Amino acid sequence: MMGLTFINALVFGVQGNTLRALGKDTPLNQFLAGSAAGAIQCVICCPMELAKTRMQLQGTGEYKLKSKNYKNSLDCLIKIYRKEGLKGINRGMVSTFIRETPSFGFYFLTYDSLTRYLGCEAEDSYIIPKLLLAGGMSGIVSWLSTYPVDVIKSRLQADGVGGVAQYKGILDCIRKSYHDEGWRVFTRGLTSTLLRAFPVNAATFATVTVFLMYMRSEENLRECEPGPAIQQPSSL
């Protein structure tokens, strides 16, 4: 939960600043800005998900332990660092980068397209339901675009917990996973992920957009400028 706070702040900040730097709010620039945000937040996302995965797998594997190795997420990362160094902390970084970069590109592109299609404007009385729908669908499209990579990333980060490591790298993980379990392995857990993605991203996008609309409206009032501060809530 603490990691998500920093991730969301970083993602929306980088996306907004990148879009402004590109100069024009187009679908391509929305995708590029989102991709840049996804790439940069990997620095936080990868260690955070590594700790989450290791915490969830405590007591499993070839050598099951009665006592827990890790007290909490921070303790988990400290112990991984002491044992494996920076390489251990960043386990799965490449697969995380491959997943997050296009995923966030589709994330912001979908949200921008849907808010324009639905006509989300500040004075719209149905703006909240529209923002929730656009945000939820953005989350679903984002996960659908790169979910197989997430499966590989999770397997690499969990590899070697309580036993011997199975995979030498990303390609080896893909080959062995497909050989042992078939193509369905790359969609395992997709339904539960999508069920989570819709409400989480609906709430995230709606909250951020409404907050920005409110803050920019306040700025306009102080400057005595009439009219809503933002017409397209996707222009973060």
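A quick note: this is a predicted structure, and the numbers were derived from the prediction, not measured.

So, about the UniProt feature "signal peptide" (unreviewed entry) in the protein. In this structure's numbering, the residues bearing the UniProt feature "signal peptide" (unreviewed entry) are residues 1-16. Strand forms 0% of residues 1-16 and helix 94%; the C-alpha atoms that close the span are 23 Å apart.

Now for the side chain of Asn29. Along the chain, Asn29 turns up in helix 2 (residues 27-40). The class for Asn29 is buried, based on a relative accessible area of 11%. Looking at Asn29, its side chain comes within polar contact range of the main-chain oxygen of Lys24, at 2.5 Å. With near-sequence residues (within four places) excluded, Asn29 lies in contact with Leu19, Leu22 and Lys24.

With that settled, consider the side chain of Thr101. With respect to the helices and strands, the residue Thr101 is situated in helix 5 (residues 93-118). Exposure remark for Thr101: the relative accessible area of 18% places this residue in the buried category. In this structure the side chain of Thr101 is engaged in a polar contact, spanning 2.9 Å, whose partner is the backbone oxygen of Phe97. If we ignore the near neighbours within four places in the chain, the residues touching Thr101 are Ser35, Gly38 and Ala39.

With that settled, the discussion passes to the pattern of salt bridges. In this structure the tally under the stated criterion is 12 salt bridges. Asp172 serves as the salt-bridge partner of Lys176, at 3.3 Å between the closest nitrogen and oxygen. On the criterion of helical spacing, the pair formed by Lys176 and Asp172 is a turn pair, its members being four residues apart in helix 7 (residues 170-181). Look at Asp172 and you get buried, because its relative accessible area is 11%. Here the salt bridges do not stand alone but share partners, grouping Glu49, Arg99, Glu100, Asp150 and Lys153 into one network.

Before going further, it helps to spend a moment on the environment of Arg99. Within the secondary structure, Arg99 sits in helix 5. Taking the C-alpha atoms as reference, Arg99 lies 7.7 Å from Tyr147; in sequence the two are 48 residues apart. Excluding its chain neighbours within four sequence positions, the residues that come into contact with Arg99 are Cys45, Glu49, Trp143, Thr146, Val149, Asp150 and Lys153. Side-chain polar atoms of Arg99 contact the side chain of Glu49, separated by 3.1 Å. Polar side-chain contacts of Arg99 include one of 2.3 Å to the side chain of Asp150.

Calculation notes
- Counting from 1, residues in each chain are numbered in the order their sequence is written.
- Given that the model is predicted, a residue must reach a pLDDT of at least 70 before its local features are reported, and side-chain atom pairs must reach 80 or more before they are shown or counted; all residues, however, enter totals for whole chains, interfaces and linings.
- Working from all heavy atoms in the structure, the side-chain values ignore hydrogens and water.
- UniProt positions are given in the numbering used here, feature names are shortened, and annotations may be inferred rather than shown by experiment.
- Strands here mean DSSP runs of E at least two residues long; helices mean DSSP runs of H or I at least four residues long; both are numbered from the N terminus.
- When a residue's accessible area, from a 1.4 Å probe over protein chains only, is under 20% of the maximum for its type it is buried; when over 50% it is exposed; and in between it is partly exposed.
- N or O atoms closer than or at 3.5 Å make up a polar contact, with two conditions inside protein: a donor-capable atom paired with an acceptor-capable one, and, for residues adjacent in sequence, both atoms drawn from side chains.
- Any two residues having at least one pair of non-hydrogen atoms within 4.5 Å are treated as being in contact.
- For this document, the term salt bridge refers to a Lys or Arg side-chain nitrogen within 4 Å of an Asp or Glu carboxyl oxygen.

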